[in-house]
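# Inside the fold
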Amino acid sequence: GMDRPTRRADKAPAAAPGLANTPITAAWYGLRPMTPDGMPLAGPAGPLGLWVHGGHGSIGMMTAPAIAGWLAEAIVEGVEVAELAELRMGRF
């Protein structure tokens, strides 16, 4: 519910004791962006040089690092990375 940010902030000092006396001045939370098929979007996004990496939803902490590595390889080395093929924007 709407008290979720406050509940999370109440637990912060356990992980980062330096935050113990930091006042909460505002709180907000939102939904995690997710694609219609539940799979992330990653790859070229149209105009030359524009790439996308998003739509991970609740699996982002697990999937984003590997996908970022594949994207870096594709961008820097200019190669096709097989793991990115099914994550392209064109699938919609």
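For the structure itself, consult the block above.
Residues numbered from 1 in each chain as written. Predicted model: local features only at pLDDT ≥ 70, side-chain atom pairs only at ≥ 80, totals over all residues. Heavy atoms only, no water.

### Notes on the pattern of salt bridges
Here the structure, examined in full by the defined rule, presents two salt bridges. Between R88 and E80 there is a salt bridge, with the nearest N and O atoms lying 3.2 Å from each other. When its relative accessible area of 23% is taken as the criterion, R88 is described as partly exposed. (Salt bridge = Lys/Arg side-chain N within 4 Å of Asp/Glu carboxyl O. Buried < 20%, exposed > 50% of the residue type's maximum accessible area, 1.4 Å probe, protein only.)

### Structural notes on a positive patch on the surface
On the surface, R4, R8, K11 and R32 cluster together into a positively charged patch. A residue is classified by how much of its surface remains accessible, and R4, at 35% relative accessible area, is partly exposed. (Patch = residues over 30% accessible without salt bridge, like charges linked within 9 Å, V, L, I, M, F, W, Y side chains within 5 Å. Areas by Shrake-Rupley, 256 points an atom, 1.4 Å probe, with all protein chains shown as cover. Lys, Arg positive; Asp, Glu negative; His and termini not counted. Charge placed at Lys NZ, Arg CZ, Asp CG, Glu CD.)

### Thoughts on the pairing of strand β2 (residues 51–54)
Across four bridges, the pairing between strand β1 (residues 41–44) and β2 is antiparallel. Opposite A42, over in β2, you have H53 as the bridge partner. (Pairing = 2+ DSSP bridges. Helix = DSSP H or I, 4+ residues; strand = E, 2+ residues; numbered from the N terminus.)

### Description of the nonpolar core
Counting residues in hydrophobic clusters, the biggest one holds seven residues: A42, I67, L71, A74, V81, L84 and L87. The leading source of residues in this core is helix α2 (residues 60–77), at three residues. (Core = buried A, V, L, I, M, F, W, Y, C linked by side-chain atoms within 4.5 Å.)

### Quick word on the side chain of T35
With respect to the helices, strands and loops of the structure, T35 is situated in the loop between α1 (4–15) and β1. Overall, the relative accessible area of 9% leaves T35 in the buried class. A polar contact of 2.5 Å, which involves the side chain of T35, links it to the backbone oxygen of M39. (Polar contact = N/O pair within 3.5 Å; in protein donor to acceptor, adjacent residues only side chain to side chain.)

### Here we look at α2
With 18 residues, α2 extends 24 Å from end C-alpha to end C-alpha; this agrees with the ideal 26 Å at 1.5 Å per step. Among all positions of α2, only G60, A64, I67, L71 and A74 are buried. Viewed along the axis of α2, the buried residues span an arc of 95°, placing them on a single side of the element. Exposed and facing more than 90 degrees away from the buried side of α2 are M62, P65, V76 and E77. Where α2 is buried, its residues touch β1 and β2. Positive backbone phi, at 65°, marks G78, one or two positions downstream of α2. (Expected span 1.5 Å × (residues − 1). Arc of directions from axis to C-beta. Contact = heavy atoms within 4.5 Å.)

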